[in-house]
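# Report on the structure
Here is how the chains run, residue by residue.
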Amino acid sequence: MTGPRFELRYLLLAVLIALVLWGMAHGSSSIERGFDIPVVIHDLPDRLVVTDLSADVVNIRVLGSRAALRDIDPSQLEYAIAVGEAQPGLAVYEVDLTPVEGKLPRNVRIVSRSPASLEVKLEGRSRKSVKVRPDLEGEPAPGFVLTSVEVDPPRVWLQGARSDVLRLSEVVTETIDVSGLDK
């Protein structure tokens, strides 16, 4: 069989084969993509407070097919640091992405990470009662005088990092504007 109808069949078959091959190549080619994974502290003892963390996120670069990378939900990823056995001071944790790899689709692999380690500064927790001082701004209406200011409660308990809590002797309220008061 020769003629335009016979050639049209071969042309359509060739186009169909080309589309299938293009789809296979496009879907299976590996690409690289980056994600910032938030660092989350777990198992923090009640006696300790985190005062500094060297990085808030761990950046990972992953390699996989476009289809596999589309299936990654960054909101489901986190890098957890368990500090249950930590003592006050500076603790250094190597970034081990094994738990994160388990949450990635098959055939996706992590090719790099940054940083390679995280530093966590921990300090003992302390508690202290301090005076509350009002922060006043402005002047009362003409002919009126501000005779006294009373704060309720007059004292509050602070709790936090030992070095921060022990250096405070008072806390200040938000600014209270007394401009034009006549009562």
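Everything discussed here concerns the structure shown above.
These numbers were taken from a predicted model, which means no experiment stands behind them.

What follows concerns the overall build of the protein chain. The helix and strand inventory of the protein chain stands at four helices and nine strands. Taking 183 residues into account, the globule formula puts the C-alpha radius of gyration at 16 Å, and the protein chain, at 32 Å, lies well above it. By principal-axis analysis of the C-alpha atoms, the protein chain measures approximately 110 × 50 × 20 Å. Put simply, the protein chain has 183 residues, and 24% of those count as buried. By sequence separation, contacts in the protein chain at least 24 residues apart represent 80% of the contacts at least 6 residues apart. For the protein chain, the accessible area works out to roughly 12900 Å², and carbon and sulfur atoms hold 53% of it. For the protein chain, the distance from the average site of its 21 positive side-chain charges to the average site of its 26 negative ones is 8 Å.

As a further point, take the sheet that holds strand S6 (residues 109–114). Backbone-to-backbone hydrogen bonds pair the strands of a sheet. The strands run either parallel or antiparallel. Strands sit in the order S4-S1-S3-S6 across an open sheet of four strands; the sheet is mixed. In this open sheet, the two strands that pair with only one neighbour each are strand S4 (79–82) and S6. Across this sheet, the average inter-strand angle for adjacent strands is 30 degrees, counted without regard to direction. Sheet topology note: the strand S1 (residues 30–42)/S4 ladder contains four bridges and is parallel. Across the sheet, Val 39 pairs through a bridge with Tyr 79, a residue of S4.

With that settled, the discussion passes to the packing of aromatic side chains. For the structure shown, the criterion picks out zero aromatic pairs. Between the NZ or CZ atom of Arg 127 and the centre of the ring of Trp 157, over which it lies, the distance is 4.2 Å.

Right, let's get into a nonpolar patch on the surface. Together, Tyr 10, Leu 13, Leu 16, Ile 17, Val 20, Leu 21 and Met 24 give the surface a local cluster of nonpolar side chains, amounting to about 700 Å² of exposed area. Among the structural elements, Met 24 can be located in helix H1 (residues 4–28). Relative accessible area serves as the criterion here: at 51%, Met 24 is assigned to the exposed category.

Of the consecutive residues Ser 114 and Pro 115, the connecting peptide bond is found in the cis state with omega at 0 degrees. Positive phi values are uncommon outside glycine, yet Asp 43 reaches one of about 60 degrees. By secondary structure assignment, the location of Asp 43 is in the loop between S1 and strand S2 (48–53). Notably, Asn 107 is not glycine yet its phi reads approximately 65 degrees, a positive angle. Summarising the element assignment, Asn 107 is placed in the loop between helix H3 (98–101) and S6. Among the residues examined, Asn 107 registers a relative accessible area of 65% and is labelled exposed.

This next bit is on the pattern of salt bridges. Within this structure, the stated rule accounts for three salt bridges. For Arg 61, the salt bridge is made with Glu 32, and the minimal N-O distance between the two is 3.2 Å. Of this pair, Arg 61 sits in strand S3 (residues 57–65) while Glu 32 sits in strand S1, and the two are 29 residues apart along the sequence. Among the residues examined, Glu 32 registers a relative accessible area of 45% and is labelled partly exposed.

What follows deals with the nonpolar core. Counting residues in each nonpolar core, the largest one holds 28 residues, and the members touching the most others are Ile 60, Val 62 and Tyr 79. Residue assignment for this core shows that the elements contributing at least two residues are S1, S2, S3, helix H2 (66–70), S4, strand S5 (89–94) and strand S7 (117–137). The residues contacting Val 62, other than those within four sequence positions of it, are Ile 31, Glu 32, Arg 33, Phe 35, Leu 69, Ile 72, Leu 104, Val 108, Arg 109, Ile 110 and Val 111.

With that settled, consider the environment of Lys 183. For Lys 183, the position within the fold is in the segment after strand S9 (170–177). For Lys 183, a relative accessible area of 93% corresponds to the exposed category. As a C-alpha pair, Lys 183 and Val 145 span 38 residues in sequence and 9.7 Å in three-dimensional space.

Criteria and cut-off values
Residues numbered from 1 in each chain as written. Predicted model: local features only at pLDDT ≥ 70, side-chain atom pairs only at ≥ 80, totals over all residues. Heavy atoms only, no water. Helix = DSSP H or I, 4+ residues; strand = E, 2+ residues; numbered from the N terminus. Rg over C-alpha atoms; globule rule 2.2 N^0.38 Å. Buried < 20%, exposed > 50% of the residue type's maximum accessible area, 1.4 Å probe, protein only. Contact = heavy atoms within 4.5 Å. Areas by Shrake-Rupley, 256 points an atom, 1.4 Å probe, with all protein chains shown as cover. Lys, Arg positive; Asp, Glu negative; His and termini not counted. Charge placed at Lys NZ, Arg CZ, Asp CG, Glu CD. Pairing = 2+ DSSP bridges. Axes fitted to C-alpha atoms, helices over the stretch in contact; angles between N-to-C directions. Phe/Tyr/Trp six-rings, centres within 6.5 Å; stacked < 30°, edge-to-face > 60°. Lys NZ or Arg CZ within 6 Å of the ring centre and 35° of its normal. Patch = residues over 30% accessible without salt bridge, like charges linked within 9 Å, V, L, I, M, F, W, Y side chains within 5 Å. Salt bridge = Lys/Arg side-chain N within 4 Å of Asp/Glu carboxyl O. Core = buried A, V, L, I, M, F, W, Y, C linked by side-chain atoms within 4.5 Å.

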